[in-house]
Amino acid sequence: MTVKILLPFIAATFICGGSVLVEARQPKPPKAVVKPKISQPVQPQWKLYTAPDGRFTILMPGNPNRNTQYQKTYMGEITLEIFVAQPPKQQVAYIVAYNDFPYSYGQITDPQAVLNNARDMALKTTKSNLISQRNIRSYNNHPGKEIEYINSGGKITKSRMYVAEGRLYQVMAITTKKQQKTLVKTINGYLNSFNVVLKK
């Protein structure tokens, strides 16, 4: 499932969670007061997820669903691995995707060119407008880029991309404008938790 296909899929599967006010009354004893109960959306259990090949770790709200896609590019066919987690009753999806480059391409290509291409492709594929971007580094000093963009449907994506050991990683959180306001700290914590694990 490519990002282009993934976006409408995520939008279609969102369930809006609302709080329901439930009041219980007890006539006896007369002094007993029962406070109204408010049902809260189930908070996801965040835990450290390690990639099947051991090459990255990240905090995820539960076990992500894994999907493998094969794409033909000017470099040849590449394998795209996608991991998606969607907490129940929240309008947000947490995604990690990566692809390995053919050895020769990875050796001769400037990492910033790879990151710029990935940025341009993300904006073009999702028909989005760029909100902000900045160059970053992973904790073990791999070059990266953080971008934030919004599509025509109002979905906001905050993404961090890294080039490390012949691989492009993309770590994303996709949400609505409304939900983003309540999830700023959670999304930043999610993005900050991503670590590239070096080959041994």
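An account of the accompanying structure is given in this report. The shown structure was predicted, so the numbers you read here are calculated from the model rather than taken from an experiment.

**Some details on helix α4 (residues 177-192)**
The first and last C-alpha atoms of α4 sit 21 Å apart over 16 residues, in line with the 22 Å expected at 1.5 Å per residue. Bending of α4 peaks at approximately 75° at the position of L183. Residues Q179, Q180, L183, I187, Y190 and L191 constitute the buried set of α4. Here the buried face of α4 lies against β3 (46-50), β4 (56-61), β7 (92-100), β9 (143-151), β10 (155-164) and β11 (167-176).

**Thoughts on a nonpolar patch on the surface**
On the surface, a nonpolar cluster with roughly 270 Å² of combined accessible area is contributed by W46, L48 and L59. Relative accessible area serves as the criterion here: at 31%, W46 is assigned to the partly exposed category.

**Thoughts on the sheet that holds strand β6 (residues 76-85)**
With antiparallel pairing, the seven strands of this open sheet are ordered in space as β5-β6-β7-β11-β10-β9-β8. Pairing within the sheet leaves two strands with one partner each, and these edge strands are β5 (65-73) and β8 (128-137). Across this sheet, the average inter-strand angle for adjacent strands is 20°, counted without regard to direction. Its contacts with the sheet put helix α3 (residues 111-126) on β8, β9, β10 and β11, and the angle it makes with β9 is roughly 15°.

**Things to note about α3**
Between its terminal C-alpha atoms α3 stretches 23 Å, which fits the 22 Å expected from 16 residues at 1.5 Å a residue. Here α3 has its buried residues at V114, L115, A118, R119, A122, L123 and T126. Angularly, the buried residues of α3 cover 165° about the axis, an arc narrow enough to put them on a single face.

**What about the packing of aromatic side chains?**
Summed over all chains, the structure comprises 13 aromatic pairs. Their ring planes at 75° and their centres at 5.1 Å tell us that W46 and Y94 sit as a pair that is edge-to-face. Of the two residues, W46 sits in strand β3 while Y94 sits in strand β7, which places them 48 residues apart along the sequence. By relative accessible area, Y94 is classed as buried at 0%. With a centroid separation of 5.6 Å and an interplanar angle of 35°, the aromatic rings of F56 and F194 are classed as tilted. Pair noted here: F56 is in strand β4 and F194 is in the loop between α4 and β12 (195-196), with a separation of 138 residues, a long-range link.

**Let's talk about the pattern of salt bridges**
Oppositely charged side chains are able to pair whenever their charged atoms sit close together. Applying the stated criterion to the full structure yields six salt bridges. With a shortest N-O distance of 2.7 Å, D100 and R167 are connected by a salt bridge. Highlighted residues: D100 in strand β7 and R167 in strand β11, separated in sequence by 67 residues. The exposure class assigned to R167 is buried, which follows from its relative accessible area of 3%. Within this structure, D53, D100 and R167 form a network of salt bridges that share partners.

**Quick word on the side chain of T176**
Turning to its location among the elements, T176 is positioned in strand β11. On the basis of relative accessible area, T176 is assigned to the buried category, the value being 13%. At 3.1 Å, the side chain of T176 and the backbone nitrogen of Q179 are in polar contact.

Calculation notes
Residue numbers here run from 1 along each chain, matching the order of that chain's written sequence. It should be noted that, the model being predicted, local features are given only for residues of pLDDT at least 70 and side-chain atom pairs only at 80 or more, the latter also being counted only at that level, while totals for whole chains, interfaces and linings use all residues. Only hydrogens and water are removed before side-chain values are computed, so all heavy atoms of the structure are retained for them. The numbering of helices and of strands both runs from the N terminus, where a helix is a DSSP run of H or I of at least 4 residues and a strand a run of E of at least 2. Helix span, as expected, comes to 1.5 Å for every residue beyond the first. In this analysis the local bend is the angle between axes fitted, respectively, to the seven residues ending at and the seven residues starting at the residue. Between buried and exposed lies partly exposed: a residue is buried under 20% and exposed over 50% of the maximum accessible area for its type, with that area taken using a 1.4 Å probe on protein chains only. Contacts are residue-level and defined by heavy atoms, with any inter-residue pair within 4.5 Å sufficient. Think of a patch as exposed residues, more than 30% relative accessible area, with no salt bridge, where like charges cluster within 9 Å and nonpolar side chains (Val, Leu, Ile, Met, Phe, Trp, Tyr) cluster within 5 Å. Using a 1.4 Å probe, the Shrake-Rupley method yields the accessible areas, and only the shown protein chains count as cover for residues. Between Lys or Arg on one side and Asp or Glu on the other, a salt bridge is scored when a side-chain nitrogen of the former is within 4 Å of a carboxyl oxygen of the latter. By this definition, two strands are paired if DSSP reports at least two bridges between them. Fitted lines through C-alpha atoms give the axes, limited to the stretch in contact for helices. The angle between two N-to-C directions lies from 0 to 180 degrees. For this quantity, the arc is that covered by the directions from the helix axis to the C-beta atoms. Any two of the Phe, Tyr and Trp rings considered here, Trp counted by its six-membered ring, make a pair once their centres fall within 6.5 Å; the pair's planes then place it as stacked at under 30 degrees, edge-to-face at over 60, or tilted in between. Identification of polar contacts relies on pairs of N or O atoms within 3.5 Å, with a donor-acceptor requirement for protein atoms, meaning one able to donate a hydrogen and the other able to accept it, and with residues adjacent in sequence counted only if both atoms are side-chain atoms.

Without other data, these values stay purely geometric and don't point to any function.
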